[in-house]
Amino acid sequence: MKLKYLFILALIASVTLNILFIAVELQQRNTIRSYYEMLCVDSPTQTDIKSFHKYVVDGSTKILKEGIDIPQPQQLSWFKDHLITFFSKKDPGFNKNAFHFGENSFLLNALIQEAQLSNNDSLLHFVCKIFDENVLILPPLNSEKTIDRAPYGTTAILLYKITKNEKYKNYADEEYKWLCTRDSTDVGIIYYKRDKQAVEAIGYTCPFLMQYSEVFNEPSAKEMAINQINKYCEHGMEERSGLPAVVWRRYPPYNSTSTHNWGRGNAWFSIGVLAVDSTLLSKHSADILKRYCKTLTEIYKRHGCFHQFLDDARTEIDMCAELPLIYFLYKKGLLKIRKQDLLKYSRYMKEGIIYHSSGIISHPGSPCRIVGSSNRLSQAYLLKLINEIQ
């Protein structure tokens, strides 16, 4: 009899918890979706590229100056966050402008380029101030840290080239020394402590290593970058399409263990590949990258955009895939685009900040269920496109 009552109680508890989970999930999803749907609804359509340029620059500085809060759609997969939000009625999944991760560096780099092209000393001073007050104060790198901060090494080198201030060279030196401790000839720079190599590492490390090699005459830095890409092309690529996996196993059988068409993952890969002269790579890598370029070109021609999962029109357009990949194709001479064409992105913008980027995917192959937030990578590559398209 007692077992019967226990079974009934367990059943009631199970049903209650499932109802609670569904209610919290729907509440969180609807709140975030409503936030994004309303965010850009009154955004004016930009028609003049000169004013649009200023609009984007102003939005870029606003992000870094004010530490814009970013609602993080990826938290839809975290029940604990749902529960806290549901009962506390706090805003969903807001995350402060964290400089512990490298995305901000891409925006800083784009603003350095803007400052140089426009001879804007006050903007350059602003970037130096942001870097000094937010990056130079970060805790020292050690074996417990990831390489997410490697892109700040690139920012430090750019600032050193302009100012000749040794503190920026010292930062770049420390970053390089630390990466050397993470390097393995067999698999490349070890990303995280887990047993897999992640595609982000290509975009984070290769531009820094190539810059470091060129500016400080360090050939081994270039060799590390070349090895990074060769190893990823050897173990982490889909042979037919040339698309990179999100991760590949760094122990035998050295195989990729995830989807190959994650949009932002392909963006990270394209950033790293663009930094390295393809003639320096192995023949196998060069052949793979030809297929990679062909596949991206075909996808863009077919859809006219890049989705969160590139060729899956069931997922939404994702700006942190769209803009870096368009930049990659433009720089490779595979896509003709005019500055005027960039005005179409104003529909996804508010106060100069571009939204409609995805959050962190909860599992390789699983899309973030709402695309809408801003992302430093998207903002950076929109500004780079404005400045570099002839």
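Everything numeric in this text was worked out from a predicted model, so none of it was measured.

Student: Pulling in residues and values, what's your account of the overall build of the chain?
Tutor: In terms of helices and strands, the chain carries 13 helices and 10 strands. Here the chain holds 390 residues, and the buried ones make up 54% of them. Partitioning the contacts of the chain with sequence separation of at least 6, the portion at a separation of at least 24 is 72%. A total accessible area of about 18100 Å² is found for the chain, and carbon and sulfur atoms account for 55% of it.

Student: Any details on the packing of helix 6 (residues 151-163) against helix 7 (residues 166-181)? Residues and values, ideally.
Tutor: Packed helices, taken two at a time, are described by the angle their axes make and the gap between the axes. Put simply, helix 6 and helix 7 touch, their axes get as near as 8 Å, and they point 150 degrees apart. The orientation of helix 6 with respect to helix 7, classified from their angle, is roughly antiparallel. Viewed along their axes, helix 6 and helix 7 form a crossing whose handedness is left-handed. Contact residues: helix 6 offers Y152, G153, A156, I157, L159, Y160 and T163, while helix 7 offers E166, Y168, K169, Y171, A172 and E175. A breakdown of the residues in the contact of helix 6 with helix 7 according to their chemical character gives 8 nonpolar, 2 polar and 3 charged.

Student: Would you mind going over the side chain of T205 in detail, with residue names and values included?
Tutor: Along the chain, the position of T205 falls in helix 8 (residues 200-216). For T205, the side chain forms a polar contact with the side chain of Q228, separated by 3.4 Å.

Thresholds applied
- In this convention, every chain numbers its residues from 1, walking through the sequence in written order.
- Restriction of local features to residues with pLDDT of at least 70 applies here, the model being predicted, together with a cutoff of 80 or more for giving and counting side-chain atom pairs; totals for whole chains, interfaces and linings are based on all residues.
- For the side-chain quantities, the full set of heavy atoms in the structure was used; hydrogens and water were omitted.
- Each helix is a run of H or I in the DSSP string that is no shorter than four residues. Each strand is a run of E no shorter than two, and both are numbered from the N terminus.
- Exposure is judged per residue with a 1.4 Å probe applied to protein chains only, and the accessible area is read against the type maximum: over 50% gives exposed, under 20% gives buried, and values in between give partly exposed.
- Two residues form a contact once any of their heavy atoms are found within 4.5 Å.
- A 1.4 Å probe and the Shrake-Rupley method give the accessible areas. Residues count as covered only by the protein chains that appear here.
- Working convention: axes come from line fits to C-alpha atoms, limited for helices to the stretch in contact. Angles between N-to-C directions cover 0 to 180 degrees.
- Small angles under 35 degrees read as roughly parallel and large ones over 145 as roughly antiparallel, with 65 to 115 read as roughly perpendicular and the rest as oblique.
- Less than a right angle of anticlockwise turn of the near helix away from the far helix marks a crossing as left-handed, whereas a clockwise turn marks it as right-handed.
- Residues are grouped as follows: nonpolar covers Ala, Val, Leu, Ile, Met, Phe, Trp, Tyr, Cys and Pro; charged covers Asp, Glu, Lys and Arg; every other residue, Gly included, is treated as polar.
- Here a polar contact means two N or O atoms within 3.5 Å. Within protein one must be a hydrogen donor candidate and the other an acceptor candidate, and residues neighboring in sequence count only if both atoms are side-chain atoms.

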